[in-house]
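Listed here are the chains, written in short residue letters.
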Amino acid sequence: MAVDQKLIREIVNYLQLSTMESKEKAMWMLLLPQMDEEKLLKLKASLEKEVNGITDLYLQALNPQQQNA
Amino acid sequence: MSFFGEVFAGAATGGAAEVLKKAILGPTKKAPEAAKPDDASSSTGIFEWLKQKVGIGDKAREIHETAKKERSQIFGGEKNPENGEKKGGVWAGIMARYYPSLSKLGDLRNPLESIKKIKENPMNLIDELDGLCADTILIPDFLLKFVTDPLVETDVFKKLVDFYDKGFAGLLTPNIPLLHRIPVLGPEKQNWSEKIFGKGKNYDPDDVFSFLRIILKDKDTLKEVVSKFI
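All values derive from a computational prediction rather than experimental measurement. Counting starts from 1 at the beginning of each chain's written sequence and moves along it residue by residue. Chain A is the first chain written and ligand 1 is the first ligand written, with later ones labelled in order. Local features are withheld for residues below a pLDDT of 70 in this predicted model, meaning they are given only at 70 or higher, and side-chain atom pairs are given and counted only at 80 or more; totals for whole chains, interfaces and linings count all residues. Neither water nor hydrogens contribute to the side-chain values; these are computed over all heavy atoms in the structure.

## Let's talk about helix 12 (residues 205-215) of chain B
Residue and element names in this part refer to chain B. Across the eleven residues that make up helix 12, a large majority, eight, are buried. Three labels apply to residues, based on accessible area from a 1.4 Å probe with only protein chains included: buried if under 20% of the type maximum, exposed if over 50%, partly exposed otherwise in between. For helices the rule is a DSSP run of H or I covering at least 4 residues; for strands it is a run of E covering at least 2, with both sets numbered from the N terminus onward. Residues of helix 12 that are buried: Pro205, Asp207, Val208, Phe209, Phe211, Leu212, Ile214 and Ile215. Residues adjacent in sequence count toward polar contacts only when both atoms are side-chain atoms; beyond that, a polar contact is any pair of N or O atoms within 3.5 Å, and within protein one must be able to donate a hydrogen and the other to accept it. Two to three positions downstream of the cap, the backbone nitrogen of Asp206 sits 3.0 Å from a side-chain oxygen, assigning the N-cap of helix 12 to Asp204.

Take a look at the structure:
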């Protein structure tokens with residue numbers, strides 16, 4: 001694979017954490033080897049933003065619960 | 001062979017493709033987790049869970065929808081807001097590489113030459129249409145428009161739909177020799193022109209694939225139509 005394997009590995013990890021449906025995850029897994037670096041970086045940025053956003057919400061929601069505990 | 005067909009064929013020889021195939025098709029029948037329903041893992045289930053447990057379902061849904069829109073732009077390409085120029089997405093690359101005849105249908109640089117090549121070897125186009133119909137199994141519904149738009153916007157596809165729609169009316173066309181008049185499709189005959197082109201950009205991609213699957217049932221006739229009447 002000519003593209004940086006580290007980039008692919010990061011995307012694969014984010015794919016597992018994303019809220020997309022399993023069919024779409026399967027599609028992206030198959031498309032990753034065909035994508036150029038520019039599109040891989042865009043995909044990674046989008047997935048990272050999504051995963052971080054969901055995680056931030058979770059942590060925000062967790063804080064009041066921790067205070068009440 | 002279709003794009004996804006080639007990937008899975010490669011899995012037979014092992015290597016990275018085998019790993020991908022296992023990752024995508026999931027665990028073997030021995031793994032009990034495969035049969036276990038998991039509401040929280042579905043995209044709808046997790047928002048409901050977040051809404052019920054921590055009251056943040058709406059914000060989570062907004063994040064999900066924004067990400068979905070960004071991914072559609074990566075898949076299908078996007079327009080440059082400054083000059084209106086469309087930049088090809090991931091699917092454009094797949095089309096150019098695995099569906100060269102289909103890509104040529106929309107070739108504006110040398111349309112006559114492209115059509116001539118397709119008419120000389122109609123089976124290339126027919127095999128690619130077959131592969132495309134198979135590949136759509138792995139493409140989510142919200143991305144199907146990016147797959148069908150490059151086909152629906154071409155003159156060749158419009159002529160195909162028009163030709164098959166005419167059915168028996170085509171028998172009255174004087175310039176078609178009697179031997180080449182195509183019979184009506186029977187119970188499958190529907191007004192495809194109205195369904196696909198009557199709604200402008202709001203057509204249903206499933207109608208396009210339904211039409212393709214019907215005409216691909218008789219490849220000999222389709223070969224005649226492509227080589228003589230497109």
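Text resumes after the structure shown.
## Re the interface of chain A and chain B
For this analysis, residues touch if any pair of their heavy atoms sits within 4.5 Å. Each side of the interface is counted separately: chain A has 29 residues, and chain B has 39 residues. Accessible surface is computed with a 1.4 Å probe, and the buried area is the amount of it that two parts give up when combined, taken over both parts together. Carbon and sulfur atoms supply 71% of the area that chain A and chain B bury against each other, a total of about 2900 Å² over both sides. The three residues of chain A that bury the most area against chain B are A:Leu30, A:Gln34 and A:Leu57, which together make up 21% of that side's buried surface. Within this document, salt bridges are pairs made up of a side-chain nitrogen of Lys or Arg and a carboxyl oxygen of Asp or Glu, the two lying within 4 Å of each other. The tally of links between chain A and chain B comes to four salt bridges. B:Arg71 serves as the salt-bridge partner of A:Glu24, at 2.6 Å between the closest nitrogen and oxygen. At the boundary of chain A and chain B, one finds nine residue pairs in polar contact (both at pLDDT 80 or more). Elements supplying a minimum of two residues to the side of chain A that touches chain B: helix 2 (22-31) and helix 3 (37-68) of chain A. Of the residues forming the side of chain A that touches chain B, the biggest block, 14 residues, is contributed by helix 3 of chain A.

## Some details on the packing of aromatic side chains
Ring geometry is summarised as follows: Phe, Tyr and Trp rings, the Trp one being its six-membered ring, pair when their centres sit within 6.5 Å, and such pairs are stacked at plane angles under 30 degrees, edge-to-face over 60 and tilted between the two. Evaluation of the coordinates by the stated rule reveals eight aromatic pairs over all chains. Linked through ring pairs, A:Trp28, B:Phe75, B:Trp91, B:Tyr99 and B:Phe146 together constitute an aromatic cluster. Two limits define a charge over a ring: the Lys NZ or Arg CZ must be within 6 Å of the ring centre, and within 35 degrees of the ring normal. A cation sits over an aromatic face here: B:Lys68 above B:Phe142, 4.8 Å from the ring centre. Its end group placed over the ring of B:Tyr203, B:Lys145 keeps NZ or CZ at 4.8 Å from the ring centre.

## Observations regarding the side chain of B:Thr136
Along the polypeptide, B:Thr136 turns up in the loop between helix 8 (122-135) and helix 9 (144-152). Residue classification places B:Thr136 among the buried residues on the basis of a relative accessible area of 8%. There is a polar contact of 3.4 Å between the side chain of B:Thr136 and the side chain of B:Arg213. If we ignore the near neighbours within four places in the chain, the residues touching B:Thr136 are A:Lys23, B:Leu144, B:Phe209 and B:Arg213.

## Remarks on the nonpolar core
Formed by 59 residues in total, the largest nonpolar core has its most connected members in A:Trp28 and B:Leu212. Other than its neighbours up to four places away in sequence, B:Leu212 contacts B:Leu129, B:Cys133, B:Leu151 and B:Phe157. The definition of a nonpolar core used throughout is a set of buried Ala, Val, Leu, Ile, Met, Phe, Trp, Tyr and Cys residues joined through side-chain atoms within 4.5 Å.

None of the figures reported here should be taken as evidence of function without further support.
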